[in-house]
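# Summary of the model geometry
Take a look at the letters that make up each chain.
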Amino acid sequence: MNQEIKELKEKVKDLHILYSEDEEEMRIGTELFLNKFFTSVDSACDGQEGLDKFKEKEYQVVFTDIMMPNMDGLKMLKNIKEINENIFTVTLTASEVREDKIIESSNLYFRKPITYENMITIMREIVNKFHL
Amino acid sequence: MQELFYIKLQELNQYYIKIIILVSAIILMLLSWSIYNEYEHKKISALEHAKNTFEKDMMFREWVASHGGVYVPPTDRTPPNPYLSHIPNRDLITTTGKKLTLMNPAYTLKQLMTEYKGMYGAKGRITSLNLLNPKNKANEWEVKALQIFEKKKQLEFHEFLKKDNKEYIYYMHALVTEESCLKCHLHQGYKVGDIRGGVSIVIPMEKYNRDFYNTIKDIFLIYIVVYLIVVFGIRYTHKILKLSILEQEKLYVENQKKEEIMLAQSRNAAMGEMISMIAHQWRQPISVIAMWANNITADVDMETLNKEDCKKYADNIVAQTKHLSQTIDDFRNFFRPDKSKETILIKDVMEDCLSVIEKSLQNNNILIERNYENFIEVNIYSRELMQVFINIIKNAKEALIDNKIKNAKITIKIYEDDYSVISEIRDNALGIKPEVIGKIFDPYFTTKGVKSGTGLGLYMSKTIVEKHLNGTIEVKNIDDGVSFVITIPKK
């Protein structure tokens, strides 16, 4: 296990990550976690900020919440996919938005609370996606 | 039994008893009046009879007097009148040898009265205080009557008296001395116009009493029938009214039950709403806790764990549990059974309400603007008012989301006037359609579709405000939305 985690980290650490979450505590906790795997993690407080940041820099993976002020996660993902179709998107949500809508706009989705296993699954999927 | 209807029934029973007493009294009065009338009628009839008898006797006497007396054959029954011995032609012998003797008016009358009883046993007697014939001596009652005639100058006197357990009418009429009387009585010093005697008539009342009792029997019978009909009529009416009151009570109780069921339904709906709000509020802290735990696991796996980080993660987890605990307190407060009133500022009730609902408003980008000028506490069922606030704010939230309003805003104003505390909740969700706004307080009316609306929220809000809080609730469309105004009296 330990070995696999370390290998995963080695494989994904150079990817650029964008993370949108409006809840501060959640954002801090998750950002800290993501930082353990990725060297470059940028975070945003809402969909609009996320979209703005996405336009400025090249990212490979976007993590996002759905229910956020100003612009929600789904709309942000839609805009992002219009800019870069190849982006890998992960939705982490607490809301009860219909599943098909999420599946439509994101590669992976998990309902909060997110378990450690969920996070590892995400890492594995990223590895597969980018053939790392 | 409901107190209101118990009082109504008591009143009805009191009315019933009063009316029965009144009717009984009236009928009793009428009955007494009828009996009295019959009694008077009996006496008058008897008196009339006595008078008639007297008149008849007088007419007969008049007739005899008009002939100067009549001659009849002298017999044992009619011997020559010794009191007429001073009359020269008292005894006659006809040319054929037949003997005749003179009967003067008094003599004829005397014979008539002695020998013939009138109708119903009426018996007459002629008498005086100053007698010619001692047989005509006045009895005790006659003496009294004659004395009254002398003293009071009246011509008639009558009395109803009992003798040997039988009732009689005693009637006496004075006799005024006429020319014809002097034939016999001149020597006694009589003068024309003197009252020197009278005719007494005694009639047994038996027949009149019999008639009277028979009539009374009939009257009693009629009155009893009438009384029974009236009493049964009143009883029937009373029964109908009583049944109608009981029916009313039944309807009232049914209505109350219906209302209780609706209240329970709306409470359940509100509870469901609350549970989903709680679930939403819990998901975030739980997610955060999970993420801190994930951090620990990641550190362990990557062998980067250090004591300080570990402590930080644990602190963060504990902070989140406080949040969870707070949410549970809010939840429990909301569903605390609210049987007793409390004295509270309405703005505090609103704040309690917002503490559970504000989060979901913020998530939907709805701004809440508060404007409180509330200083007087009121004594109310605060949980129920909170339910009303939640209903209205929840409706506003849903309208703002459904209509995709930008700059969505709910404005809450709580202020006071002399008598009441007024809470106004406005949104900018474009308002309620005019054809619907009149129905929004109707039970089971919903615009939200079967799945999301019970149609009871505003109905129960109105019921709560009007029946439990003694206030009013009004709705009106404003420029860009809806305004609900809830007025709660200060006392």
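Being a predicted model, the structure only gives us computed values, none of them experimental. (Residues numbered from 1 in each chain as written. Chains lettered and ligands numbered in written order. Predicted model: local features only at pLDDT ≥ 70, side-chain atom pairs only at ≥ 80, totals over all residues.)

## Looking at the overall build of chain B
Check the secondary structure of chain B and you find 10 helices and 14 strands. Among the 491 residues that make up chain B, the fraction classed as buried is 28%. (Helix = DSSP H or I, 4+ residues; strand = E, 2+ residues; numbered from the N terminus. Buried ≥ 20, exposed ≤ 12 C-beta atoms within 10 Å, placed from the backbone.)

## Description of the interface of chain B and chain A
Where the parts come together, the accessible area they lose is often given as the size of the interface. If you look at the interface, chain B gives 17 residues, while chain A gives 22 residues. Here the residues of the side of chain B that touches chain A are counted per class, giving 7 nonpolar, 8 polar and 2 charged. (Contact = placed C-beta atoms within 7 Å. Nonpolar A, V, L, I, M, F, W, Y, C, P; charged D, E, K, R; others polar.)

## Brief notes about the sheet that holds strand β6 (residues 166–176) of chain B
Pairing between sheet strands relies on hydrogen bonds along the backbone, with the strands arranged either parallel or antiparallel. Residue and element names in this part refer to chain B. Spatial strand order, β4-β7-β6-β5: 4 strands in an open sheet with antiparallel pairing. Edge positions in the open sheet fall to β4 (123–128) and β5 (156–163), since each of these has one partner strand only. The mean inter-strand angle of the sheet, taken between neighbouring strand axes irrespective of direction, is 25°. Here β5 runs beside β6; their pairing, made up of 8 bridges, is antiparallel. Of the residues in β6, the one forming a bridge with K162 is E167. Contacts from helix α3 (residues 140–152) reach β4, β5, β6 and β7 (195–204), with the element oriented near 135° to β7. (Pairing = 2+ DSSP bridges. Axes fitted to C-alpha atoms, helices over the stretch in contact; angles between N-to-C directions.)

## Considering the packing of helix α8 (residues 382–402) of chain B against helix α10 (residues 457–468) of chain B
Residue and element names in this part refer to chain B. Between α8 and α10, the least distance of the axes is 9 Å, while the angle of their chain directions is 145°. Considering how the two elements wind past one another, α8 and α10 form a crossing that is left-handed. Residue-level inspection shows E384, Q387, V388, N391, I392 and N395 of α8 in contact with α10, the latter providing G457, L458, S461, I464, V465 and H468. Per-class residue counts for the contact of α8 with α10 are 5 nonpolar, 6 polar and 1 charged. (Left-handed = near helix turned anticlockwise from the far one by under 90°.)

## Some details on the environment of L456(B)
All names here are of chain B. With respect to the helices, strands and loops of the structure, L456 is situated in the loop between α9 (434–437) and α10. Judged by C-beta crowding, with 24 C-beta atoms within 10 Å, L456 ranks as buried. Here the alpha-carbon distance between L456 and M262, two residues 194 residues apart in the chain, equals 7.0 Å. If near-sequence neighbours (up to four positions away) are discounted, L456 is found in contact with M262, Q265, S266, A269, P443 and Y444.

## A look at the environment of D22(A)
Residue and element names in this part refer to chain A. One can find D22 in the loop between β1 (16–20) and α2 (24–37). Under the C-beta neighbour-count criterion, D22 is labelled buried, with 21 such atoms within 10 Å. When the C-alpha atoms of D22 and D46 are compared, they prove to be 5.4 Å apart, with 24 residues separating the residues in sequence. When near neighbours in sequence (up to four residues on either side) are disregarded, D22 contacts C45, D46, D65, M68 and P69.

## Here's the deal with the sheet that holds strand β2 (residues 91–93) of chain B
All names here are of chain B. Taken together, the 3 strands give an open sheet; going across it, the order is β1-β3-β2, and neighbouring strands pair in antiparallel fashion. Of all strands in the sheet, those with a lone pairing partner are β1 (70–72) and β2, marking the two edges. Ignoring which end each strand starts from, the neighbouring axes of this sheet average 35° apart. Pairing of β1 with strand β3 (residues 99–103) involves 3 bridges; the strand directions are antiparallel. Bridge pairing in β3 places Y71 opposite L102.

## Here we look at the packing of helix α1 (residues 2–12) of chain A against helix α6 (residues 116–129) of chain A
Residues and elements named next belong to chain A. Closest axis-to-axis distance for the α1/α6 pair is 10 Å, and the angle between their directions is 45°. By the criterion of interaxial angle, the relationship of α1 to α6 is oblique. For α1 against α6, the interelement crossing comes out left-handed. Facing L8, K11 and V12 of α1, the residues of α6 in contact are M123, R124, I126 and V127. When its residues are assigned to classes, the contact of α1 with α6 shows 5 nonpolar, no polar and 2 charged. (Parallel < 35°, antiparallel > 145°, perpendicular 65-115°, else oblique.)

## Here's the deal with unusual backbone geometry
Residues K112(A) and P113(A) are joined by a peptide bond in cis, for which omega reads -5°. Examined against the element boundaries, P113(A) turns out to sit in the loop between β5 (108–111) and α6. The phi torsion at K404(B) lies on the positive side, around 50°, for a residue other than glycine. Mapped onto the elements, K404(B) comes out in the loop between α8 and β11 (409–416).

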